[in-house]
Amino acid sequence: MFGFGTKNIGIDLGTANTIVYVDGKGIVLREPSVVAKNTKTGEIVSVGSEARDMIGRTPASIVAIRPMKDGVIADYDTTVAMMKYFIQKTLGRSNGKPYVMVCVPSGVTEVEKRAVIDATRVAGARDAYVIEEPFAAAIGAGLPVMDPTGSMVVDIGGGTTDVATISLGGIVSSRSIRMAGDKIDDSIIYHVRQKFNLLIGERTAEQLKIDCGSASLEAAEDLEGSTIRGRDLLSGLPKTVEISSVDVSEAIQEVVSEIISAIKETLEETSPEIASDVIDHGIVLTGGGALLKNLSEVIADETKVPVFIANEPLDCVAVGTGESLKSIDVMKKR
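It should be emphasised that the depicted structure is a prediction, and the values quoted were computed from it without experimental measurement. (Residues numbered from 1 in each chain as written. Predicted model: local features only at pLDDT ≥ 70, side-chain atom pairs only at ≥ 80, totals over all residues. Heavy atoms only, no water.)

## Considerations on the packing of aromatic side chains
In total, this model carries 2 aromatic pairs according to the counting rule given. Between Tyr99 and Tyr129 the ring centres are 6.3 Å apart and the planes differ by 35°, which places this aromatic pair in the tilted class. Taken together, the residues span a long stretch of sequence, with Tyr99 in strand β9 (residues 99–104) and Tyr129 in strand β10 (residues 127–132) at a distance of 30 residues. (Phe/Tyr/Trp six-rings, centres within 6.5 Å; stacked < 30°, edge-to-face > 60°. Helix = DSSP H or I, 4+ residues; strand = E, 2+ residues; numbered from the N terminus.)

As structure tokens, then:
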């Protein structure tokens, strides 16, 4: 347990992972957004890493669920339980209630924002505020968001990809699409099923994405393949299959194309002045999806704009959410 007193907290409440930032301490907690629940009693069995290890391995009475879907709350009560656990774990024995800043995808509705604020308050916050994900990502990546200079950020998370151009402390144009890490995993599962008659789980698909996935089919030819295990759909028995990197990369091309389309559409909506700044400074990639092999090169090739991966792309949103706590008095007046 961490004991930091009642400091303000920034939460990157992601579809795949939740990262908590404490004012003055930095990132203190990083856990999967997973909750294991007893279906008979409704009791929460475990949260975070322990619950993630249970996915696909639970008895009938226990279900391991991800209460966030596509960047928004899909299961309200379970999200509250998960946030309560993370806030308590962060604060340790402190009895005070913190102010909490939570990030949300740029395309969410007012109702979805309100659900996040309400859930955070019920989970133990004195008050809660939301910040849009691409704006938080830009702050965390060190972009000059308050300057009269255009910046472009692409945050590829688990549930959503958020694309935005930012200038003078606000989002100028943005896109939020539900094509991100989870969709890449689903595409790999579908492709393996169609091509090899093999059923694999989420964790196997995610590992394939990390080890063998490439945004470029040409570059995939130089990568090593992998051995995967799953259930043969014809015999119903366990089976081991060799899969090439080209196979994995073919599976994810549609998602990569959708992300590139969202970037192009956002650029098309941008004023000539900001477009000129973006050409000068480049597009910055953040989020776990930024780590997909050869993605920056493929985007640069398609948009003719330089593309950079932020330092610590997984942490940018959490750091930006935490940094925005310094302006919490401004948020209170909103």
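On we go from here.
## Re the nonpolar core
Grouped together as the largest cluster of nonpolar side chains are 42 residues, with contacts concentrated most on Ile188, Ile200, Ile263 and Ile283. Counting contributing residues, this core receives three or more from each of domain 2 (148–177 + 254–310) and domain 3 (179–250). For Ile263, the residues in contact, after removing those within four places along its chain, are Met152, Val154, Val163, Ile283, Ile299 and Thr303. Ranked by size, the runner-up nonpolar core spans 29 residues in total, among them Ile9, Ile11, Met82 and Val102. (Core = buried A, V, L, I, M, F, W, Y, C linked by side-chain atoms within 4.5 Å. Buried < 20%, exposed > 50% of the residue type's maximum accessible area, 1.4 Å probe, protein only. Domains from an automatic or database assignment. Contact = heavy atoms within 4.5 Å.)

## With respect to the sheet that holds strand β14 (residues 198–199)
One open sheet accounts for 3 strands, arranged β14-β15-β16; its pairing is antiparallel. Each edge of the sheet is formed by a strand with only one pairing partner; in this case those strands are β14 and β16 (238–243). Here β14 pairs with strand β15 (residues 226–232) via 2 bridges, running antiparallel. Opposite Leu199, over in β15, you have Arg231 as the bridge partner. Against the sheet, helix α5 (residues 181–196) engages β14, β15 and β16, with an angle of about 100° to β16. (Pairing = 2+ DSSP bridges. Axes fitted to C-alpha atoms, helices over the stretch in contact; angles between N-to-C directions.)

## Quick notes on the pattern of salt bridges
Applying the stated criterion to the full structure yields 18 salt bridges. Residue Asp53 pairs with Arg203 through a salt bridge whose shortest N-O separation is 3.4 Å. Pair noted here: Asp53 is in the loop between α1 (49–52) and β6 (62–65) and Arg203 is in helix α6 (residues 202–212), with a separation of 150 residues, a long-range link. Taking the relative accessible area as the measure of exposure, Asp53 reaches 44% and is therefore partly exposed. The exposure class of Arg203 is partly exposed, given its relative accessible area of 32%. The salt bridge partner of Asp185 is Lys209, with a shortest N-O separation of 3.1 Å. Pair noted here: Asp185 is in helix α5 and Lys209 is in helix α6, with a separation of 24 residues, a long-range link. (Salt bridge = Lys/Arg side-chain N within 4 Å of Asp/Glu carboxyl O.)

## Digging into the domain arrangement of the protein chain
Under the domain assignment used here, the protein chain contains domain 1 (7–133 + 315–330), domain 2 (148–177 + 254–310) and domain 3 (179–250). Look at where the C-alpha atoms of domain 1 and domain 2 centre, and you get two points 26 Å apart. Every contact between the two is made by 11 residues of domain 1 and, on the other side, 11 residues of domain 2. Across the interface of domain 1 and domain 2, roughly 730 Å² is buried in total on both sides, 58% from carbon and sulfur atoms. The largest contributions to the domain 1 side of the interface with domain 2 come from Ser106, Glu133 and Cys316, which together make up 49% of the buried area. One can count 2 residue pairs in polar contact (both at pLDDT 80 or more) joining domain 1 with domain 2. (Buried area = accessible area lost by both parts, 1.4 Å probe. Polar contact = N/O pair within 3.5 Å; in protein donor to acceptor, adjacent residues only side chain to side chain.)

## Some points on the environment of Lys239
Along the polypeptide, Lys239 turns up in strand β16. For the pair Lys239 and Leu267, spaced 28 residues apart in sequence, the C-alpha to C-alpha distance is 46 Å. When near neighbours in sequence (up to four residues on either side) are disregarded, Lys239 contacts Phe196, Leu198, Ile228, Arg229, Gly230 and Asp232.

## Quick look at the pairing of β15
Relative to β16, β15 runs antiparallel, the two being bridged by 6 bridges. The partner of Ile228 across the bridge, within β16, is Val241. Linking β15 back to β16 in an antiparallel pair, the connection comprises 5 residues, with Gly236 at a positive phi of about 80°.

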